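# Chain and residue survey
Okay, here's what each chain looks like letter by letter:
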Amino acid sequence: MSKRTKASLAVLACLSTFVGCAPPRPKYELKLPALHTTLPNGMRVIVLTDATTDLVEVAVRWEVGSIEDYEGKAGLAHLVEHMMFQQRPAGPDQPPIFQVLKKFATFFNAFTKEETTHYMAMGKKEALENLIAIDASRINFGCKSIPEVEFTRERDVVRNEIRGGWSTPEGQIPYLLLDDIYGKEHAYGREIGGDDKQIFNITMDDVCRFMNDYYVPERATMIIAGNTTEEEVQKLVTKWLAPLPKRTPAPRRSVDAINLKRKVFTHELNVEQTSVFVAWKLPPKYSEDDLAGRFMMGAVAGETSFFGDRYD
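About the criteria used
Residues numbered from 1 in each chain as written. Predicted model: local features only at pLDDT ≥ 70, side-chain atom pairs only at ≥ 80, totals over all residues. Heavy atoms only, no water. Pairing = 2+ DSSP bridges. Helix = DSSP H or I, 4+ residues; strand = E, 2+ residues; numbered from the N terminus. Axes fitted to C-alpha atoms, helices over the stretch in contact; angles between N-to-C directions. Contact = heavy atoms within 4.5 Å. Parallel < 35°, antiparallel > 145°, perpendicular 65-115°, else oblique. Core = buried A, V, L, I, M, F, W, Y, C linked by side-chain atoms within 4.5 Å. Buried < 20%, exposed > 50% of the residue type's maximum accessible area, 1.4 Å probe, protein only. Arc of directions from axis to C-beta. 1 Å grid on protein atoms, 1.4 Å probe; cavity = no way out; pocket = protein on both sides within 12 Å on 5 of 7 lines; lining within 4 Å. Points joined across faces, edges and corners; volume = space filled by probe spheres on them. Nonpolar A, V, L, I, M, F, W, Y, C, P; charged D, E, K, R; others polar. Disulfide = S-S within 2.5 Å. Polar contact = N/O pair within 3.5 Å; in protein donor to acceptor, adjacent residues only side chain to side chain.

## Focus: the sheet that holds strand β5 (residues 117-124)
- Ordered in space as β1-β2-β6-β3-β5-β4, the 6 strands form an open sheet in which the pairing is mixed. Looking at the sheet topology across the chains shown, the edges are occupied by β1 (34-38) and β4 (107-112). Across the sheet, the mean angle separating the axes of adjacent strands is 10° when strand polarity is ignored.
- Two elements, β1 and strand β2 (residues 44-49), share 5 bridges in a ladder whose sense is antiparallel. Each residue of the ladder has a partner; that of leucine 35, found in β2, is valine 47.
- Lying on the sheet, helix α9 (residues 230-241) is in contact with β1, β2 and β6 (220-226); it crosses β2 at an angle near 155°.

## Description of the packing of helix α2 (residues 76-83) against helix α8 (residues 204-214)
- At their nearest, the axes of α2 and α8 sit 10 Å apart, and the two run at 85° to each other. In terms of axis orientation, α2 runs roughly perpendicular to α8. When α2 is examined against α8, the residues Leu76, Ala77, Leu79, Val80 and Met83 are found in contact with a partner set consisting of Asp206, Val207, Phe210 and Met211.

## Regarding the nonpolar core
- Within the largest apolar cluster, 53 residues are counted, with the highest numbers of intra-cluster contacts made by Val207, Phe210 and Leu241.
- Counting residues per element, this core draws most heavily on helix α4 (residues 128-141), at 6 residues.
- If near-sequence neighbours (up to four positions away) are discounted, valine 207 is found in contact with Leu76, Leu79, Val80, Met83, Phe151 and Ile202.

## Details of α9
- Residues of α9 that are buried: Val233, Leu236, Val237 and Leu241. Down the axis of α9, the smallest arc covering the buried residues is 105°, so these residues share one side. Exposed residues lying more than 90 degrees from the buried face of α9 are Glu231 and Lys235.
- Among the structural elements, β2, α4 and β6 are those in contact with the buried residues of α9.

## A short note on empty space enclosed by the protein
- Applying the stated rule across the entire model yields 1 cavity of 30 Å³ or more.
- The element contributing the most residues to the lining of the largest cavity is α4, with 4 residues.
- The residue inventory of the lining of the largest cavity, partitioned by class, reads 9 nonpolar, 1 polar and 2 charged.

## So, the state of the cysteines
- This model, assessed by the stated rule, comprises 1 disulfide.
- Here cysteine 143 is linked by a disulfide to cysteine 208, with a sulfur-sulfur distance of 2.0 Å. Taking the torsion about the S-S bond as the criterion, the cysteine 143 to cysteine 208 disulfide, at about 110°, is right-handed. Taken as a pair, cysteine 143 in the loop between α4 and α5 (148-166) and cysteine 208 in helix α8 lie far apart in primary sequence, 65 residues in all.

## Focus on the side chain of glutamate 150
- With respect to the helices and strands, the residue glutamate 150 is situated in helix α5.
- At 2.9 Å, the side chain of glutamate 150 and the side chain of arginine 153 are in polar contact.
- Not counting chain neighbours up to four residues away, the residues in contact with glutamate 150 comprise Met83, Gln86 and Arg88.

## Concerning unusual backbone geometry
- The backbone of aspartate 312 shows a phi angle near 55°, a positive value even though the residue is not glycine.
- As for its position among the elements, aspartate 312 is in the segment after α10 (290-311).

## With respect to the layout of surface pockets
- The computed volume of the largest pocket comes to approximately 1900 Å³.
- In terms of lining, the largest pocket is formed by 50 residues, of which the most central are Ile181, Tyr182, Tyr188, Ile258 and Trp280.
- Mapped by element, the contributors of at least two residues to the lining of the largest pocket are α6 (169-182) and α10.
- Looking at the lining of the largest pocket residue by residue, the class counts come to 25 nonpolar, 8 polar and 17 charged.
- Computed from the structure, the second largest pocket encloses a volume of approximately 490 Å³.
- Around the second largest pocket, the lining is made up of 18 residues, and of these Asp179, Lys184, Gly189, Arg190 and Gln198 lie nearest the centre.
- Here the lining of the second largest pocket takes 3 residues from α6, the largest share from any one element.
- Per-class residue counts for the lining of the second largest pocket are 4 nonpolar, 5 polar and 9 charged.

Keep in mind these numbers describe shape, not what the thing actually does.
See below:
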């Protein structure tokens, strides 16, 4: 058995027995040759080249999330994420971005969080220009190319997602816990997806205003990774991203500090089995302690799941 295999087994033993031994320091460093720039319109572009693959990925992080939902319109940011796949930049009679991506991408997805919204698409290196052009059109066209019928249909899709979560008493617990921990007035005091009633109250005008307020170049960071070169990316950025006009975004909603105190809340729910929910106050994201905190949270969850299965 090699020394490397022995070291790996030692680390696994530490995790499986959940004792406080620290993993050994790595004997190497992984450095990615990142290239980055900020365009005159405020958009940030990061390039990670990798000649060992024939794939490329284009990912965009937008600095907007559910905390920016308008008053009484909880779930708006998540609905806008859905609508970003319904744009028809090539014309009203042409397929939406969702269908276009199927032609060029081997994988694509998106998700909304409290403070960010993420879009990603992967494909063969020949698809790089099309993937970048699609994200550029998302900014350039906004809601102008989205038919009203597509908005109504997609809003119903999101409503069904939310109703599915609320369909059982167990599904209601996360919503109630958020209210208990943060309070309804706090930026985090609601589910990202909102609730059925407020989603139903969202209009096409709300979607258009939200896109105009927050989907501006200054709020976007694009990461281009895979089999490409600096010269190729420079040419595509100059063609598709640099011409996007600079616009002033709406201000972000501030997030108040969380003041946790011991409280007791009682909710009457007809649940089928006993369950335990645990919430941790974690270090700020991207801080030095963030990764360690999330690692320990995952370790505790793994141990709990293991013994839960063992003892039913």
